[in-house]
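Report on the structure
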2 protein chains.
Amino acid sequence: MHAYPTLEERFARISSIEDAIGILQWDAETMMPEGAADSRSDQLATLKGLAHEMLTAHDTGDLLDQADQDSGHLDDWQRANLREMRRIYLHAAAVPADLVEASSRAVSRAELVWREARQNGDFALLLPHLSQVLTLQRQIGQAKGEALGLSSYDALLDSYDPGLRQAAIDPLFAELGAELPALIQEAQEHQKGRPAILPLDGPFPVDDQRRIGEHLMKAVGFDFNRGRLDVSLHPFCGGSTRDVRITTRYSEANFMSALMGVLHETGHALYEQGRPEAWRRQPVGLARGMSLHESQSLLIEMQACRSQEFVTYLAPLVRETFQGEGSAWSPENLHQILTTVEPGFIRVDADEITYPAHILVRYKLEKALIAGDLQIQDLPSAFNDKVKRLLGLTVPDDSLGCLQDIHWPGGAWGYFPTYTLGAMTAAQLFRAASQADADILPGLAKGDFAPLRTWLRANVHSKGSLLTTDQLLIAATGQPLTAEAFRAHLRERYLGH
Amino acid sequence: MHAYPTLEERFARISSIEDAIGILQWDAETMMPEGAADSRSDQLATLKGLAHEMLTAHDTGDLLDQADQDSGHLDDWQRANLREMRRIYLHAAAVPADLVEASSRAVSRAELVWREARQNGDFALLLPHLSQVLTLQRQIGQAKGEALGLSSYDALLDSYDPGLRQAAIDPLFAELGAELPALIQEAQEHQKGRPAILPLDGPFPVDDQRRIGEHLMKAVGFDFNRGRLDVSLHPFCGGSTRDVRITTRYSEANFMSALMGVLHETGHALYEQGRPEAWRRQPVGLARGMSLHESQSLLIEMQACRSQEFVTYLAPLVRETFQGEGSAWSPENLHQILTTVEPGFIRVDADEITYPAHILVRYKLEKALIAGDLQIQDLPSAFNDKVKRLLGLTVPDDSLGCLQDIHWPGGAWGYFPTYTLGAMTAAQLFRAASQADADILPGLAKGDFAPLRTWLRANVHSKGSLLTTDQLLIAATGQPLTAEAFRAHLRERYLGH
């Protein structure tokens with residue numbers, strides 16, 4: 001009978017260590033002087049090690065078993081919490097300490113070499129390090145897979161997105177992949193029929209950009225009493241659940257990129273700030289997974305803030321802020337800027353419709369690499385083949401190809417698919433929301449996100465990890481994830497039907 | 001043979017937790033949104049608890065004993081490190097966990113009530129809470145005293161300043177106390193003979209104040225690659241040893257207060273940044289104690305930066321920065337502003353010569369309270385008596401009397417004397433430095449702190465906790481701490497002889 005409360009206390013402490021790590025990582029990207037990097041590495045390694053030790057303490061497994069035996073005394077919330085505790089424990093305990101350490105070291109080295117390799121487009125330089133990271137990721141996948149009764153790749157997927165399986169992704173991505181090349185081409189054709197885009201002339205002062213960013217964050221629902229906006233080289237949403245630190249990066253030449261970035265991170269932040277206060281520090285209070293997290297950022301950025309409705313609110317606001325003049329600042333022109341389709345080499349610069357092609361390339365390749373069906377030295381040519389097939393582009397240089405992302409040298413295998421699953425989920429949720437509340441779209445046209453936020457709070461944020469992703473989606477939208485809403489959204493926005 | 005390396009590893013991890021705590025505390029005062037306070041409290045309590053658990057782990061005592069037995073194999077540095085490990089361990093292990101927790105809770109409550117009590121000058125409101133804190137401090141002092149073979153008050157002193165004893169303080173403070181009332185009066189008389197002070201007319205833009213503050217920090221030797229300057233309600237020097245975060249508070253009406261505050265904290269920061277990089281994460285690499293730490297801030301602020309020499313450099317700099325005009329900006333007038341004597345009720349606003357009187361009042365009272373020679377309900381009248389005797393002032397209200405400082409409700413008993421010991425130490429070190437290197441004073445007149453910094457690095461910073469405070473002072477100045485250099489300094493600066 002004491003096992004469950006003991007576990008709650010242990011996980012609460014672990015959660016506070018994770019929160020501290022989140023703030024220290026934010027600080028490292030935003031505030032920390034460069035010379036403190038070594039000291040910060042020591043701090044993070046120590047805290048991560050302590051959290052891991054507490055999680056995998058010799059009695060955690062027994063406590064989980066005892067709590068399971070006593071689970072008749074637990075309510076639904078506690079049972080869900082216990083389920084999440086076990087999942088987290090299994091992932092952590094499955095991997096022997098020396099494998100964790102070897103992988104961490106290999107990743108640190110590979111990330112360092114990757115920066116140089118990417119700069120020079122030199123895959124051969126990265127190859128031995130990437131090969132080492134892959135070998136260790138395969139071992140981790142196998143170890144986790146054995147503990148969880150999953151294939152290696154499924155076990156890696158499950159690390160980022162509980163319950164996500166290759167068998168669920170394959171048909172969704174196959175459906176999308178079959179349609180994408182034609183869709184991209186049609187969208188470009190369709191685009192040609194529209195008036196030429198008028199450029200917005202800067203410079204756009206950073207202070208004005210920050211002011212309008214904060215204004216829109218507030219409109220969307222960001223709570224500045226429990227979060228901040230700052231600047232970092234790579235924008236992110238971090239900090240801790242009750243202290244959400246988002247970042248952006250300003251360019252005086254282009255305000256739209258930072259602004260859309262801020263709105264994207266604000267979507268993530270809403271999910272962090274919107275989970276129940278009383279569930280804080282417990283696993284059931286955590287975000288459900290990376291697909292759902294990405295769905296919240298893409299729902300705000302792509303579904304809501306690139307909609308015709310919102311742009312009618314945005315256009316006069318930015319025109320006034322930056323003292324813009326002329327028809328370049330019309331809602332129609334702004335909307336065209338925000339929905340331009342242009343196949344390119346770089347994933348992070350991709351538009352909404354070509355982005356999934358980048359993900360499909362990476363998903364297929366990492367699956368094959370983990371399964372041993374592709375050799376790591378063959379990655380560049382396999383990568384370039386797939387880019388040619390899906391995007392119609394000839395990669396001139398590995399820095400614009402398989403060297404562009406940090407994920408693989410960084411040891412984040414099984415992460416890529418969550419971006420596009422997030423986009424699909426966003427479309428499905430946004431459609432359900434708009435159908436459930438007729439005030440949502442008209443609200444966006446007035447900069448009023450309250451109806452949308454209310455729906456998201458009720459149907460997504462407030463659930464934490466109480467439900468599985470499937471259960472959550474069925475409750476919110478009537479069905480598990482399909483590609484249908486996303487495909488319809490793309491056709492409507494980019495083909496006009 | 002393995003005991004010592006095991007201890008080094010354990011203390012290194014503890015040090016990284018402490019570093020993390022330092023950054024999180026800095027963040028709480030400078031960056032954190034208000035709504036995150038509860039979450040931050042959880043983080044800090046968890047990390048402090050973990051550091052304490054690691055320090056007092058069941059085998060730490062045995063490891064220390066084994067390492068002592070093997071100490072023939074250790075070099076001097078390792079032996080000093082081991083000595084510091086044991087001191088830290090004894091302090092931590094002496095106090096039972098429930099006493100630590102009870103004290104921490106009583107302090108939290110008392111600090112909260114104190115804010116209201118101070119606002120309203122209502123000692124009765126604070127009394128039961130302060131009484132509780134005192135009771136627990138006496139128990140802590142007794143527990144530590146038994147473990148360390150010290151009286152209760154000495155044990156509390158030793159927490160802040162290793163090796164500091166009442167028997168060493170009493171004669172120093174008696175000597176000072178006997179002289180102070182007359183000295184203060186003479187200084188005021190002497191001041192009357194000087195030309196009237198011309199006020200500096202603001203406003204002084206905050207950006208300019210920050211710029212000149214950063215300029216002077218660099219001149220003094222602050223390494224911005226391993227530290228920052230920010231804003232907080234109460235200025236402090238925090239962060240971690242290799243990532244020193246100092247803060248200030250600006251007023252557009254008065255730039256001098258923030259600037260001198262910045263220079264004060266820069267003195268602390270030099271000590272943090274100046275200890276040997278290779279000693280990082282080990283107890284022997286820690287600062288020697290609060291008296292020495294305060295000596296470093298006061299040496300920079302009071303000895304160096306309020307000297308005639310430095311003011312000849314400062315005057316044209318501030319005049320140019322703030323576009324000042326007229327003789328108010330002359331070095332002579334600025335120096336008078338920086339050395340004005342004016343007895344007042346508030347310790348933190350006190351000038352260099354009346355400040356020690358505030359400390360003597362508090363030292364005598366906290367000694368008596370800990371010893372049981374004074375009852376807590378009699379504190380206000382005892383406080384006011386002593387203020388009358390030493391400063392010649394009649395306290396009109398406890399908010400200007402015994403309620404003004406957070407130290408006692410905050411559980412920092414045994415801390416007050418280190419301020420004035422720091423001032424004495426600063427005078428003794430500065431005199432020795434100036435005698436050892438004739439370039440130091442002329443350097444200050446050119447804003448060149450390199451000679452002074454070189455001497456401090458060699459004689460103070462680089463020593464860490466290798467030596468005791470006495471050993472360090474004897475090596476640096478030829479004698480242990482006496483009141484003589486400080487008394488001579490006050491007479492010279494404030495009486496002109």
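Residues numbered from 1 in each chain as written. Chains lettered and ligands numbered in written order. Predicted model: local features only at pLDDT ≥ 70, side-chain atom pairs only at ≥ 80, totals over all residues. Heavy atoms only, no water.

With an unreviewed UniProt entry as reference, chain A is termed Metal-dependent carboxypeptidase, source organism Microvirga vignae. As recorded by UniProt, the Catalytic activity (unreviewed entry) comment attached to chain A reads in full: "Release of a C-terminal amino acid with broad specificity, except for -Pro." Under Function (unreviewed entry), UniProt gives the following word-for-word description of chain A: "Broad specificity carboxypetidase that releases amino acids sequentially from the C-terminus, including neutral, aromatic, polar and basic residues." (UniProt positions renumbered as here; feature names shortened; annotations may be inferred.)

**What about the packing of aromatic side chains?**
In this description, a pair of aromatic rings is defined by centroid distance and the angle of the planes. Inspection of every chain in the model, using the stated rule, returns 35 aromatic pairs over all chains. A centroid spacing of 6.5 Å and a plane angle of 35° characterise the contact between B:Phe322 and B:Trp329, whose relative ring orientation is tilted. For B:Phe322, a relative accessible area of 12% gives the class buried. Classification of B:Trp329 by relative accessible area gives buried; the value is 4%. Put simply, the rings of A:Tyr160, A:Tyr355, A:Trp408, A:Trp413, A:Tyr415, A:Phe416 and A:Tyr419 touch in pairs and so form one group of aromatic residues. If you follow A:Arg245 out to its NZ or CZ, it ends over the ring of A:Trp26, 4.3 Å from the centre. A cation over an aromatic ring shows up here: A:Arg275 above the ring of A:Tyr271, its NZ or CZ 5.2 Å from the ring centre. (Phe/Tyr/Trp six-rings, centres within 6.5 Å; stacked < 30°, edge-to-face > 60°. Buried < 20%, exposed > 50% of the residue type's maximum accessible area, 1.4 Å probe, protein only. Lys NZ or Arg CZ within 6 Å of the ring centre and 35° of its normal.)

**Details of the interface of chain B and chain A**
With 37 residues of chain B at the interface, the matching set in chain A holds 37 residues. Summed over both sides, the interface of chain B with chain A buries roughly 2800 Å², with 54% coming from carbon and sulfur. When residues of chain B are sorted by the area they lose upon contact with chain A, B:Arg13, B:Met31 and B:Pro33 head the list and together hold 17% of the total. The interface formed by chain B and chain A holds 10 salt bridges in total. As a salt-bridge pair, A:Arg40 and B:Asp243 come within 3.3 Å of each other at their nearest N and O atoms. Here chain B and chain A share 12 residue pairs in polar contact (both at pLDDT 80 or more) between them. Within the residue set of the side of chain B that touches chain A, elements represented by two or more residues are α1 (3-30), α2 (37-55), β1 (227-231) and β3 (243-248) of chain B. The dominant element in the side of chain B that touches chain A, judged by the number of residues it contributes, is α2(B), at 11 residues. Grouping the amino acids of the side of chain B that touches chain A by side-chain chemistry returns 13 nonpolar, 9 polar and 15 charged. (Contact = heavy atoms within 4.5 Å. Buried area = accessible area lost by both parts, 1.4 Å probe. Salt bridge = Lys/Arg side-chain N within 4 Å of Asp/Glu carboxyl O. Polar contact = N/O pair within 3.5 Å; in protein donor to acceptor, adjacent residues only side chain to side chain. Helix = DSSP H or I, 4+ residues; strand = E, 2+ residues; numbered from the N terminus. Nonpolar A, V, L, I, M, F, W, Y, C, P; charged D, E, K, R; others polar.)

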